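Fold and contact review
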Amino acid sequence: MGSFFSTMFTPPPAGDDPNSAVVAAHSKAAYDEQWEAHKSAGKLAWLQMVIDFSASWCGPCRFIEPAFKEMASRYTDAIFVKIDVDELSEVARTWKVEAMPTFVLTKGGKEVSRVVGAKKDELERKIGMFRSSSS
């Protein structure tokens with residue numbers, strides 16, 4: 001099922017890890033494309049997007065990145081997107097991101113939850129909670 005949806009989204013740029021299931025949006029246009037595809041799939045109530053707002057200089061962001069990538073490869077029925085707040089500050093402001101890392105969980109184009117900080121267990125619990133609520 002994840003492979004079906006992965007064809008709807010642009011693969012990460014060549015400079016990113018090609019083995020990662022995380023889509024890195026490096027431009028507003030790339031983010032908009034991911035977001036519009038997610039919203040248009042809104043009729044699929046179970047489809048979830050997990051957005052990681054981080055920064056290259058952020059220690060906690062680097063600490064949780066391997067866990068985020070691992071979750072993306074495990075939960076293939078969700079879309080995992082990484083946004084660098086320095087590259088896309090406008091997107092971070094839109095989502096009212098005030099600290100990094102911030103993880104925003106969305107379904108049907110709407111925020112359903114967020115996790116602020118490198119809280120791997122809380123993030124995984126919330127992803128699981130929203131996945132099971134739509135099964």
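- The name given to the protein chain in an unreviewed UniProt entry is Thioredoxin H2-2, with the source organism recorded as Dichanthelium oligosanthes.

**Overview of the sheet that holds strand E3 (residues 78–84)**
- One open sheet accounts for 5 strands, arranged E1-E3-E2-E4-E5; its pairing is mixed. The sheet terminates laterally at strand E1 (22–25) and strand E5 (110–116), the two strands that pair on one side only. Across the sheet, the mean angle separating the axes of adjacent strands is 25° when strand polarity is ignored.
- Here 6 bridges tie strand E4 (residues 102–107) to E5, and the two strands are oriented antiparallel to one another. Paired with Leu-105 across the strands is Ser-113, a residue of E5.
- Against the sheet, helix H3 (residues 59–74) contacts E1, strand E2 (48–54), E3 and E4, and its axis sits at roughly 155° relative to E3.

**A few points about the nonpolar core**
- Membership of the largest hydrophobic core comes to 19 residues, with the highest contact counts inside it found for Tyr-31, Ile-51, Phe-53, Ile-83 and Trp-95.
- Put simply, the parts of the chain that give this core at least two residues each are helix H2 (28–40), E2, E3 and helix H4 (89–94).
- With 16 residues, the next largest nonpolar core counts Val-50, Tyr-75, Leu-123 and Phe-130 among its residues.

**Some remarks on the pairing of E3**
- In terms of burial, E3 is a largely internal element, 6 of the 7 residues being buried.
- Here E1 pairs with E3 via 4 bridges, running parallel. By the bridge assignment for E3, Ala-25 is matched with Ile-83.
- Note that E2 and E3 share 7 bridges and pair parallel.

**A look at the packing of aromatic side chains**
- Going through the model one piece at a time under the given rule, you end up with 2 aromatic pairs.
- Where Phe-68 meets Phe-80, the ring centres are 5.2 Å apart and the plane angle is 65°; that geometry is what we call edge-to-face. In this pair, Phe-68 is assigned in helix H3 and Phe-80 in strand E3, connecting sequence segments 12 residues apart.
- With a centroid separation of 5.5 Å and 35° between ring planes, the pair formed by Phe-68 and Phe-103 is classed as tilted. Linking Phe-68 in helix H3 with Phe-103 in strand E4, this pair joins segments that are 35 residues apart in sequence.
- Accessibility expressed as a relative area gives 2% for Phe-68, which makes it buried.

**Some words on the side chain of Ser-113**
- Relative to the elements of secondary structure, Ser-113 occurs in strand E5.
- Among the polar contacts listed, one links the side chain of Ser-113 to the side chain of Lys-126, at a separation of 3.1 Å.
- Leave out the neighbours within four places in its chain, and Ser-113 touches Phe-103, Val-104, Leu-105, Lys-126 and Phe-130.

**Thoughts on the state of the cysteines**
- Under the criterion given, the structure shown has 1 disulfide.
- Note that Cys-58 is cross-linked by a disulfide to Cys-61, the S-S spacing being 2.4 Å. Judged by the sign of its S-S torsion, about 75°, the bond between Cys-58 and Cys-61 is right-handed.
- The class of Cys-58 is buried, set by a relative accessible area of 4%.
- On the basis of relative accessibility, which here comes to 5%, the residue Cys-61 falls in the buried class.

Thresholds, definitions, all that
- Residues numbered from 1 in each chain as written.
- Predicted model: local features only at pLDDT ≥ 70, side-chain atom pairs only at ≥ 80, totals over all residues.
- Heavy atoms only, no water.
- Pairing = 2+ DSSP bridges.
- Helix = DSSP H or I, 4+ residues; strand = E, 2+ residues; numbered from the N terminus.
- Axes fitted to C-alpha atoms, helices over the stretch in contact; angles between N-to-C directions.
- Contact = heavy atoms within 4.5 Å.
- Core = buried A, V, L, I, M, F, W, Y, C linked by side-chain atoms within 4.5 Å.
- Buried < 20%, exposed > 50% of the residue type's maximum accessible area, 1.4 Å probe, protein only.
- Phe/Tyr/Trp six-rings, centres within 6.5 Å; stacked < 30°, edge-to-face > 60°.
- Polar contact = N/O pair within 3.5 Å; in protein donor to acceptor, adjacent residues only side chain to side chain.
- Disulfide = S-S within 2.5 Å.

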